[in-house]
Amino acid sequence: MDFGLTEEQIMIRDLCRQIGEEKIKPVREHYDETGEFPWDLVKVFADAGLFGINIEEEYEGMGLGIMDQIIAIEELSKYCAGIALALFGTGLGVTPIMLFGSPEQKAKYLPRVCGGTICAFGLTEANAGSDAGGIQTTATPDGDHYVLNGTKQWITNGGEADIYSVIALTDKKKGPRGASAIIVEKDTPGFTFGKKENKMGIRGSMTRELVFQDCRVPKENLLAREGMGFIVAMKTLDSSRPGVAAQALGIAQGAFDEAIRYSRQRRQFGKAISSFQAIQFMMADMATKIEAARALTYTCARYMDSGASDVSKLSAMAKVYASDVAMSVTTDAVQILGGYGYMKEYPVEKMMRDAKITQIYEGTNQIQREVIANKLLKEYAKG
Ligand code: COS
């Protein structure tokens, strides 16, 4: 379907397709097996300028929109969502700086990100997942510093990133309203990393704990104002959830392409299995779901690029729908490939494992539905 992409968007898509075919496809199995961080691909993404797609030109980015970023994430995730996460996880980590950074903070950090410096976002803790307001990590004010103590869990790009946007309590008594967003750089004394997680999918990405023990960070690293950390986190997630939708969309499209290709070659009962109605109906449903997810994701991205601020509902809708589609399409792709689909020599097995996380991270799909329902009820209460 023609979504009226601009020339620039078509160029980004084609560039990412070329990177996917030439650079990601040959190595995705290796990264899936080893769980190593794909530094060679980070260099490829950086050389192609992909880290700066939606960073303003004055900070050495391309100055393009969310839609352009979505196109890149979707296309790269078709090949390997785990490897693409080095880029997309950086997008999540840098979003608080883009949305809430002072001109000085932006000038200090954004050009580095455009050059390929990895970022991460530190919100989740062992006891604060869906209940993001339940964080316990503290950032106690002490003269012109904050002293951080606590542990963040399951942080994408943890240990590999140089720049972290961390949400911590500057005023414990106030709970979420006492949370603040603070930039922490990797080599800060008192900042170390916990174990590398051994994950089901997206194994080409790194997930680690961030451990803060009397870690002193200058107050100039505060984003927005003290007490605004929860809002920074929510706005960051509103802005990044369409990225999860795009990732899910890419995984679904990648699995669908494999399933079609296989069904045209695989012969049973003397015919290609694509000629059987049982397979054709599965394909029709898979393609319909993918197009619907794409339409919703692109609509959301364009709405955000229009400057709209009330994006929570649409962003949650895109994330929840596209990730549910990714799970169902990859499961059906495995089914179409049958016994081969279950084997690691075909990529759909990996895609099915990769799809699962899109229903869980950046807010479980249950939380997305809660966000959508809350917004709907508020809208209808207004009359
Ligand atoms: N934008 C701006 N402000 C927001 C907001 C948003 N999207 N969502 C909530 N807020 C504000 C509310 O207006 C409220 O402000 P006041 O204190 O001034 O009234 C405050 O934040 C608290 O909001 P709320 O009462 O709705 O918070 P809850 O604790 O009930 O939690 C959910 C809200 C569940 C939506 C939130 O905790 C959430 O998104 N959880 C999932 C977190 C997540 O995605 N984790 C994944 C890991 S991060 S990679």
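Residues numbered from 1 in each chain as written. Predicted model: local features only at pLDDT ≥ 70, side-chain atom pairs only at ≥ 80, totals over all residues. Heavy atoms only, no water.

Enquirer: It is not clear to me how the site of the ligand should be interpreted in this structure. Could you clarify?
Expert: Not every one of the 18 residues close to the ligand is listed here, only the nearest: Ser130, Arg177, Asp238, Arg241 and Gly363. Arg177 has a polar side-chain atom sitting 2.6 Å from an oxygen atom of the ligand. Within the side chain of Arg241, a nitrogen or oxygen atom sits 2.9 Å from an oxygen atom of the ligand. Protein contact buries 64% of the 990 Å² of open area that the ligand shows by itself. Of all the secondary-structure elements, those providing two or more residues to the shell around the ligand are helix H7 (229-265) and helix H11 (365-382). Element by element, the count of residues in the shell around the ligand is highest for H7, at seven residues. A class-by-class count of the residues in the shell around the ligand yields eight nonpolar, five polar and five charged. (Near = heavy atom within 4 Å. Polar contact = N/O pair within 3.5 Å; in protein donor to acceptor, adjacent residues only side chain to side chain. Areas by Shrake-Rupley, 256 points an atom, 1.4 Å probe, with all protein chains shown as cover. Helix = DSSP H or I, 4+ residues; strand = E, 2+ residues; numbered from the N terminus. Nonpolar A, V, L, I, M, F, W, Y, C, P; charged D, E, K, R; others polar.)

Enquirer: Would you mind showing me how to read the nonpolar core here?
Expert: In a soluble, globular protein the nonpolar side chains are often hidden away together inside. One finds Ile24, Phe45, Leu76, Leu148 and Val184 to be the most contacted residues of the largest nonpolar core, which totals 89 residues. In contact with Leu148, other than residues within four places in its own chain, are Thr138, Ala139, Val166, Ile182, Val184, Phe212, Gln213, Asp214, Cys215 and Val217. Core analysis: the next-biggest nonpolar cluster, separate from the first, contains 26 residues, Ile55, Leu92, Val113 and Cys114 among them. (Core = buried A, V, L, I, M, F, W, Y, C linked by side-chain atoms within 4.5 Å. Buried < 20%, exposed > 50% of the residue type's maximum accessible area, 1.4 Å probe, protein only. Contact = heavy atoms within 4.5 Å.)

Enquirer: Sorry if this is basic, but what is going on with the domain arrangement of the protein here?
Expert: When the parts come together, some accessible area is lost, and that loss is often what is quoted as the size of the interface. Domain annotation for the protein reports domain 1 (7-118), domain 2 (120-227) and domain 3 (230-381). Computed over C-alpha atoms, the centres of domain 2 and domain 3 are 30 Å apart. Taken together, the 14 residues of domain 2 in the interface contact 14 residues of domain 3. Roughly 1,100 Å² is buried in total at the junction of domain 2 and domain 3, and carbon and sulfur atoms are behind 76% of that figure. The tally of links between domain 2 and domain 3 comes to zero salt bridges. For the pair domain 2 and domain 3, the number of links is two residue pairs in polar contact (both at pLDDT 80 or more). For the side of domain 2 that touches domain 3, a count of residues per class yields 10 nonpolar, three polar and one charged. (Domains from an automatic or database assignment. Buried area = accessible area lost by both parts, 1.4 Å probe. Salt bridge = Lys/Arg side-chain N within 4 Å of Asp/Glu carboxyl O.)

Enquirer: Help me understand helix H9 (residues 312-341) in this model?
Expert: The periodicity of an α-helix, 3.6 residues per turn, causes residues three or four positions apart to be oriented the same way. Helix length check: H9, at 30 residues, gives a terminal C-alpha distance of 37 Å against a target of 44 Å (1.5 Å per residue), a shortfall beyond 12%. Taken as a whole, H9 carries its principal kink of about 60° at Gln335. (Expected span 1.5 Å × (residues − 1). Bend = angle between axes of the 7 residues up to and from the residue.)

Enquirer: Looking at this model, I keep getting lost on H11. Mind explaining?
Expert: If you check H11, its first and last C-alpha atoms are 26 Å apart, about what 18 residues at 1.5 Å a residue would give, namely 26 Å. Turning to H11, its buried residues number three or more, namely Asn365, Gln368 and Ile372. Buried residues of H11 fall within an arc of 55° about the axis and therefore sit on the same side. In this structure, H11 carries Gln366, Leu377, Lys378 and Ala381 as exposed residues pointing more than 90 degrees from its buried face. One or two positions beyond H11, positive phi appears at Gly383, with a value near 85°. (Arc of directions from axis to C-beta.)

Enquirer: In this structure, what is going on with the pattern of salt bridges? I would like to understand it.
Expert: It is possible for side chains bearing opposite charge to pair when their charged atoms get close. Scanning all chains against the criterion turns up 21 salt bridges. Residue Arg17 pairs with Glu75 through a salt bridge whose shortest N-O separation is 2.8 Å. Linking Arg17 in helix H1 (residues 7-24) with Glu75 in helix H4 (residues 66-79), this pair joins segments that are 58 residues apart in sequence. Relative accessible area serves as the criterion here: at 32%, Arg17 is assigned to the partly exposed category. Note on Glu75: relative accessible area 3%, which makes it buried. Ionic pairing is found between Asp324 and Arg369, a salt bridge with its closest N-O pair at 2.6 Å. Here the residue Asp324 occupies a position in helix H9, and Arg369 occupies one in helix H11, the gap between them amounting to 45 residues. Overall, Arg369 belongs to the partly exposed group, its relative accessible area being 43%. Taken together, the salt bridges that share partners define one network made up of Asp32, Lys344, Glu349 and Arg353.

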